Amino acid sequence: MLIPGHTRGHQSLVVSCCDGTVILAGQSYDSASAYARDQRAWAARHDHEPEVLPPYPAWIERLHQFDPARILFAHDQTVWEP
């Protein structure tokens, strides 16, 4: 899956497992905490909460299309889980 990141031509890997979808997000985010911040802002905007949250990159929508159970990052050993 092509997802913008800080590396040109970046790709992420999506794996369907028996206990949910795992995304190896590579360069799309540097860390789980950066993703969690943007994920919260994305979710709040989709829940029509006030516009007081930070902006998030457009490609987060692409990650959410896979309804991930876990996301792993290239520069962080922390695994994001909803």
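Rules and cut-offs
- Residues numbered from 1 in each chain as written.
- Predicted model: local features only at pLDDT ≥ 70, side-chain atom pairs only at ≥ 80, totals over all residues.
- Heavy atoms only, no water.
- Core = buried A, V, L, I, M, F, W, Y, C linked by side-chain atoms within 4.5 Å.
- Buried < 20%, exposed > 50% of the residue type's maximum accessible area, 1.4 Å probe, protein only.
- Helix = DSSP H or I, 4+ residues; strand = E, 2+ residues; numbered from the N terminus.
- Polar contact = N/O pair within 3.5 Å; in protein donor to acceptor, adjacent residues only side chain to side chain.
- Contact = heavy atoms within 4.5 Å.
- Pairing = 2+ DSSP bridges.
- Axes fitted to C-alpha atoms, helices over the stretch in contact; angles between N-to-C directions.

Enquirer: For the nonpolar core, give the residues involved together with the corresponding values.
Expert: In terms of nonpolar packing, the biggest core is built from 13 residues, with Tyr-29, Tyr-35, Ile-71, Phe-73 and Trp-80 touching the most fellow members. Put simply, the parts of the chain that give this core at least two residues each are helix 1 (32-46), helix 2 (60-64) and strand 3 (68-73). Top element by residues in this core is helix 1. It accounts for five residues.

Enquirer: Lay out the side chain of Ser-31 in plain terms, naming residues and giving numbers.
Expert: As for its position among the elements, Ser-31 is in the loop between strand 2 (20-24) and helix 1. At 3.1 Å, the side chain of Ser-31 and the backbone nitrogen of Ala-34 are in polar contact. The contacts of Ser-31, once residues within four sequence positions are left out, are Phe-73 and Asp-76.

Enquirer: I'd like to hear about the sheet that holds strand 1 (residues 13-17), residue by residue, with values.
Expert: A sheet is described by the order of its strands in space; here four strands give the open sequence 1-2-3-4, paired in mixed fashion. Sheet topology places strand 1 and strand 4 (76-80) at the edges, where each strand pairs with a single neighbour. Adjacent strand axes in the sheet meet at a mean angle of 15° when their direction is disregarded. Two strands pair when backbone bridges link them, and strand 1 and strand 2 are joined in this way by five bridges, in the antiparallel orientation. If you follow Val-15 over to strand 2, its bridge partner there is Val-22. Contacts from helix 1 reach strand 3 and strand 4, with the element oriented near 35° to strand 4.

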